[in-house]
Amino acid sequence: MTPTLMFGLELAYWQETIIKVLLGLVALLLLTGGVVYLYLFKFVSFMQSRLGPMEAGPYGSLQLLAEVGKWLQKEDIATEKADRFVFRLAPAIVLASTFVLFAVIPAGPTAVVSDLGTGIYFVLAMSSLSVLGILMAGWASANKYALLGALRAAGQLIAYELPLVLAVVGVVIAAGSLNLQDIVAAQASGEIFGWDGIGNPFILTQIVGFTIFMIAVQAELTQSPFDMPIAESELVAGYQVEYSGIRFLIYFIAEFATAVAFAAIASTLFLGGWALPTAWGLGDGVMHVVGPIVISAKAVLLVGVVFWVRFTLPRFREDQLQTLAWKFLIPISLANIVATGVLKVVF
Amino acid sequence: MTAVTDRQKLQYIAAKAADSRVNVELETEGMTLNIGPQHPATHGTLRIVARLDGEQVVSAEPIAGYMHRGKEKLCEVRTYPQINTLINRIDWLGSFANEVPFILAAEQLMGIEAPPRAQWIRTMFFEMSRISNLILFLGDMGVQLGAVTPAFYAFRDREFVLNQIERVTGGRFHPNFDRIGGLKDDLPKGWIVDTKAVMERVRDFCDEIEELFMNAEIFSARTRGIGVIPADVAMQYGLSGANARASGIDWDLRRDAPSGLVHPELDWKVWTHPDGDSFARFWVRLQEVREASKMVDQICDGLPSGPIMAKVPRIIKVPAGEAWVSTENPLGEMGYYIVSKGDLTPFRLKIRSASFNNVSITPWLLRGVYVPDIITILASLYFILGDIDR
């Protein structure tokens, strides 16, 4: 490996990777915390004609710290009949599958932990790992509600993995690459009938794919109207029902970090990612700074959409959810692939 | 765990053997799921023991009694004014409505009639407790289906109704305002104007809920055709109130058997729905809130003047005899059967509350539905635990 230049220092590959991972983790936790405060605490409160947290810090902005402090203090209980080892491992797997996603999401010309050639493929593969953790949690909890929730989660995540992948295929055809940096570049340098003022974000040509992707993301995140695995009015808290203290906190972080991750992926695939249109003539030097801000802003906006839907719609029933996935989303996304392929050849 | 007798075991083994001959490949073992007594969807401590095959309910049995307070027995050692406090806690969301049939029954035994103004105000509070009760149902239905937002709207607008009740009675939840022969107090100054504004708000809330739910695809998919109760089954199980009217039974005690309240003098309508499903039960209750708010408006306009208390002896002794009075309460038909031997206390008091009968249909209704539908059906049947376990 050739040493790379970073902050004016010559760093070995491992040093560079460690710095990127640490920066990525900090950025991820800040973003997740920001999203939780902004949407889960405030945005939703205003939707529901209430104030939300107001006491901790100005406008309750430190409420999340108080909540984290509370969870850290609580006893970490595993039920008597639980399979202790699996029970404790499960949250770690869920969280890991989330963090790994951030490794390939580019936030600038070089701001990516690992610029994989098969980036989006890796993302889709890793995101489905979380179902393993959820199944482990449901089984190891020795609780019927948890088991029902975990089985629902498994059925749901598998059903919605397909439209998710198929929706991405349209983008991959249009960009001609699986690499996320190439997909970003294709959008930044694209043109709409010869006009390159805003590049060519794929949301314009792949609006069907974008819609299906966001619906599938909603289901992957198990947010309402697809929140049957948690379904508090039916299954109390689904697979999370026996967790307390820091392990519940890990599920909580994983839930919202995954929301941020999928929003970042969606903005990379459909909204142009970190890049600003090439026609604006901004150099790499500027984009090192602006890129992370651009993609964060887009991701936060998309998370807003996820939460907006979550707090507007009631929950589907399990069979209705499967019907939606298999009878509507998958055929539509297949048709979308065919249409994209045909148009790609024609133009 | 309940003890399983040998006979039950043998039956189970025989049933399994019969199944396995038909379907060797797909044989699965069922699971017993205890929904309750502590569960977010049961509004208290109702326990439903559901035998599941996957997510489908094979059989379900409601088990009440976790909150039994022995009200009927307690009433036997309390004087009539004291009983009034006690029965406030039966249906705690529409407390005033609990008092009315009891007071009417006692008045019937004593041969007293409340003055007209008291009767009108009684009817007004009767309908206001219906509003405050059913508003919560309208919001809660959303929570049970996974949409939390309507519940907050419901709590927000119910507050205004409760405030109006509090301004007169001093109690938000438990007014304890009705007296044998009339009412405790008259209305305060300016109250009627404010109440009419609140009723306007209630109707706005109904419009809001209608917009949120009626055209929502997911709400329709979750409630239409779920938990269908045909009219004859509803009658067999003794369903009353909105549950019966949602099955197309045109029966409302306020219209068909008025007992001392002024409903016949008001202009209102009994709504029914032919479908009998969860959606119909929701829809009927929504219309009932609207009708009730209109009734309160009419009472505000047409309130007669005069005293609010008839001449009643200081120490209330109810003459020997028996009386049964039932009224159309928010949850359904509620009645009191008083047996008096001429003492300070009733000899026996039988309380008929609506929720007990409404819930008794669940074993029939829950058979074959999916787990999420259990919650929809329970929410749409709408029971208050205090109304099941007295």
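Residues numbered from 1 in each chain as written. Chains lettered and ligands numbered in written order. Predicted model: local features only at pLDDT ≥ 70, side-chain atom pairs only at ≥ 80, totals over all residues. Heavy atoms only, no water.

A.B. asks: Hey, could you go over the overall build of chain B for me, with residue numbers and the actual values?
C.D. replies: Helices and strands together make up the secondary structure of chain B, namely 16 helices and 8 strands. For chain B, whose C-alpha radius of gyration is 23 Å, the value lies close to the compact-globule estimate of 21 Å for 390 residues. Projected onto the principal axes, the alpha-carbon positions of chain B cover approximately 80 × 50 × 35 Å. The buried share among the 390 residues of chain B stands at 57%. (Helix = DSSP H or I, 4+ residues; strand = E, 2+ residues; numbered from the N terminus. Rg over C-alpha atoms; globule rule 2.2 N^0.38 Å. Buried < 20%, exposed > 50% of the residue type's maximum accessible area, 1.4 Å probe, protein only.)

A.B. asks: Account for the overall build of chain A, naming residues and giving values.
C.D. replies: When helices and strands are tallied, chain A shows 13 helices and 2 strands. Its C-alpha atoms give chain A a radius of gyration of 21 Å, within 12% of the compact-globule value 20 Å for 347 residues. Projected onto its principal axes, the C-alpha positions of chain A cover 65 × 50 × 45 Å. Within the span of chain A, comprising 347 residues, buried residues form 52% of the whole. Within chain A, contacts between residues separated by at least 24 positions form 75% of all contacts whose residues are at least 6 apart in sequence. Total accessible area on chain A is roughly 15,400 Å²; 73% of this is exposed by carbon and sulfur atoms. Across chain A, the 17 positively charged side chains and the 22 negatively charged ones have centroids separated by 9 Å. (Contact = heavy atoms within 4.5 Å. Areas by Shrake-Rupley, 256 points an atom, 1.4 Å probe, with all protein chains shown as cover. Lys, Arg positive; Asp, Glu negative; His and termini not counted. Charge placed at Lys NZ, Arg CZ, Asp CG, Glu CD.)

A.B. asks: I'd love a proper account of unusual backbone geometry, names of residues and values included.
C.D. replies: Residue and element names in this part refer to chain A. For Ser-49, which is not glycine, the phi torsion reads 45° and is therefore positive. In the Ramachandran plot, Ala-142 falls in the positive-phi region, its phi being about 55° despite a non-glycine side chain. Mapped onto the elements of the fold, Ala-142 is located in the loop between helix H5 (130-140) and helix H6 (144-175).

A.B. asks: Mind laying out the packing of helix H4 (residues 119-127) of chain A against H6(A), listing which residues take part and the relevant values?
C.D. replies: Relative placement of two packed helices is described by the angle separating their axes and the distance separating the axes. Residue and element names in this part refer to chain A. Where H4 contacts H6, the two axes come as close as 11 Å, and the packing angle between them is 175°. The pairing of H4 with H6 is recorded here as roughly antiparallel in orientation. Taken together, the residues of H6 that come into contact with H4 (itself represented by Ile-120, Leu-124 and Ser-127) are Glu-161, Leu-164, Val-165, Val-168 and Val-172. Of the residues belonging to the contact of H4 with H6, the class tally is 6 nonpolar, 1 polar and 1 charged. (Axes fitted to C-alpha atoms, helices over the stretch in contact; angles between N-to-C directions. Parallel < 35°, antiparallel > 145°, perpendicular 65-115°, else oblique. Nonpolar A, V, L, I, M, F, W, Y, C, P; charged D, E, K, R; others polar.)

A.B. asks: Got a sec to walk through the pairing of strand S2 (residues 47-53) of chain B? Specific residues and values, please.
C.D. replies: Residues and elements named next belong to chain B. Residue alternation in S2 divides its side chains into a buried set, Ile-48, Ala-50 and Leu-52, and an unburied set, Arg-47, Val-49, Arg-51 and Asp-53. Across 5 bridges, strand S1 (residues 31-35) lies against S2 in antiparallel orientation. Note on S2: the bridge partner recorded for Leu-33 is Ala-50. Relative to strand S3 (residues 56-63), S2 runs antiparallel, the two being bridged by 7 bridges. Bridge pairing links Ala-50 to Ala-60 in S3. (Pairing = 2+ DSSP bridges.)

A.B. asks: I'd like to hear about a nonpolar patch on the surface, residue by residue, with values.
C.D. replies: Residues and elements named next belong to chain A. On the surface, Phe-193, Val-338, Val-342, Leu-343, Val-346 and Phe-347 cluster together to form a nonpolar patch covering roughly 750 Å² of accessible area. In this structure, Val-338 sits in helix H13 (residues 318-346). With relative accessibility at 54%, the residue Val-338 sits in the exposed group. (Patch = residues over 30% accessible without salt bridge, like charges linked within 9 Å, V, L, I, M, F, W, Y side chains within 5 Å. Salt bridge = Lys/Arg side-chain N within 4 Å of Asp/Glu carboxyl O.)

A.B. asks: Run through the side chain of B:Glu127, naming residues and quoting values.
C.D. replies: Residues and elements named next belong to chain B. Position of Glu-127 relative to the elements: it lies in helix H5 (residues 116-144). For Glu-127, a relative accessible area of 0% translates into the label buried. Not counting residues within four places of it along the chain, the set of residues in contact with Glu-127 comprises Arg-254, His-263, Ala-292, Met-295 and Val-296.

A.B. asks: Give me the confidence of the model for chain A: which residues, what numbers.
C.D. replies: Looking at chain A, pLDDT values average 83 and 97% of them are 70 or higher. The weakest mean pLDDT in chain A belongs to strand S1 (residues 4-6) of chain A at 54; the strongest belongs to helix H9 (residues 207-220) of chain A at 89. (pLDDT = per-residue confidence, 0-100.)

A.B. asks: Hey, could you go over empty space enclosed by the protein for me, with residue numbers and the actual values?
C.D. replies: Scanning the entire structure with this criterion turns up 5 cavities of 30 Å³ or more. Each pocket or cavity is described by its volume, and for the largest cavity that value is around 230 Å³. The wall of the largest cavity is formed by 18 residues, among which A:Val94, A:Ser130, A:Glu220, A:Glu255 and A:Thr258 lie closest to the centre. Secondary structure elements with two or more residues in the lining of the largest cavity: helix H3 (84-102), H5 and helix H11 (245-270) of chain A. Elements with a minimum of two residues in the lining of the second largest cavity: helix H4 (95-110), H5 and helix H6 (149-169) of chain B. Counting residues per element, the lining of the second largest cavity draws most heavily on H6(B), at 3 residues. Across the lining of the second largest cavity, the residue classes tally to 7 nonpolar, 3 polar and 2 charged. (1 Å grid on protein atoms, 1.4 Å probe; cavity = no way out; pocket = protein on both sides within 12 Å on 5 of 7 lines; lining within 4 Å. Points joined across faces, edges and corners; volume = space filled by probe spheres on them.)

A.B. asks: How would you explain the sheet that holds strand S8 (residues 348-352) of chain B if you had to name every residue and give the values?
C.D. replies: All names here are of chain B. The antiparallel open sheet is built from 3 strands, whose spatial order is S6-S7-S8. Among the strands making up the open sheet, the edge pair consists of strand S6 (321-329) and S8. Shown here is a sheet whose adjacent strand axes are inclined to one another by a mean of 10°, direction ignored. Contacting S6, strand S7 (332-340) and S8, H4 crosses the sheet at an angle of about 150° to S6.

A.B. asks: So what about the interface of chain B and chain A? Which residues, and what values?
C.D. replies: Of the residues lining the interface, 32 residues belong to chain B; the matching set on chain A comes to 23 residues. In this assembly, chain B packs against chain A so that about 2,400 Å² is buried in total across both faces, 60% of it on carbon and sulfur atoms. When the area that chain B buries against chain A is broken down by residue, the three leading residues are B:Glu55, B:Phe152 and B:Ile218, summing to 21%. Our count for the contact surface shared by chain B and chain A stands at 1 salt bridge. A salt bridge links B:Asp373 to A:Arg317; the shortest N-O distance between them is 3.2 Å. Our count for the chain B to chain A interface comes out at 10 residue pairs in polar contact (both at pLDDT 80 or more). Counting only elements with at least two residues in the side of chain B that touches chain A, the list comes to S1, H5, H6, helix H8 (217-223) and helix H15 (371-381) of chain B. Looking at the side of chain B that touches chain A, the element that brings in the most residues is S1(B), giving 5 residues. (Buried area = accessible area lost by both parts, 1.4 Å probe. Polar contact = N/O pair within 3.5 Å; in protein donor to acceptor, adjacent residues only side chain to side chain.)

A.B. asks: An account of the pattern of salt bridges is needed here, citing residue identities and associated values.
C.D. replies: Residues and elements named next belong to chain B. Summed over the entire model, instances satisfying the criterion amount to 34 salt bridges over all chains. Notably, a salt bridge pairs Glu-208 with Arg-156, separated by 3.3 Å at the nearest N-O pair. With a gap of 52 residues between them, Glu-208 in helix H7 (residues 191-213) and Arg-156 in helix H6 connect regions that are remote in the sequence. Between Arg-201 and Asp-157 there is a salt bridge; the shortest N-O distance is 3.4 Å.

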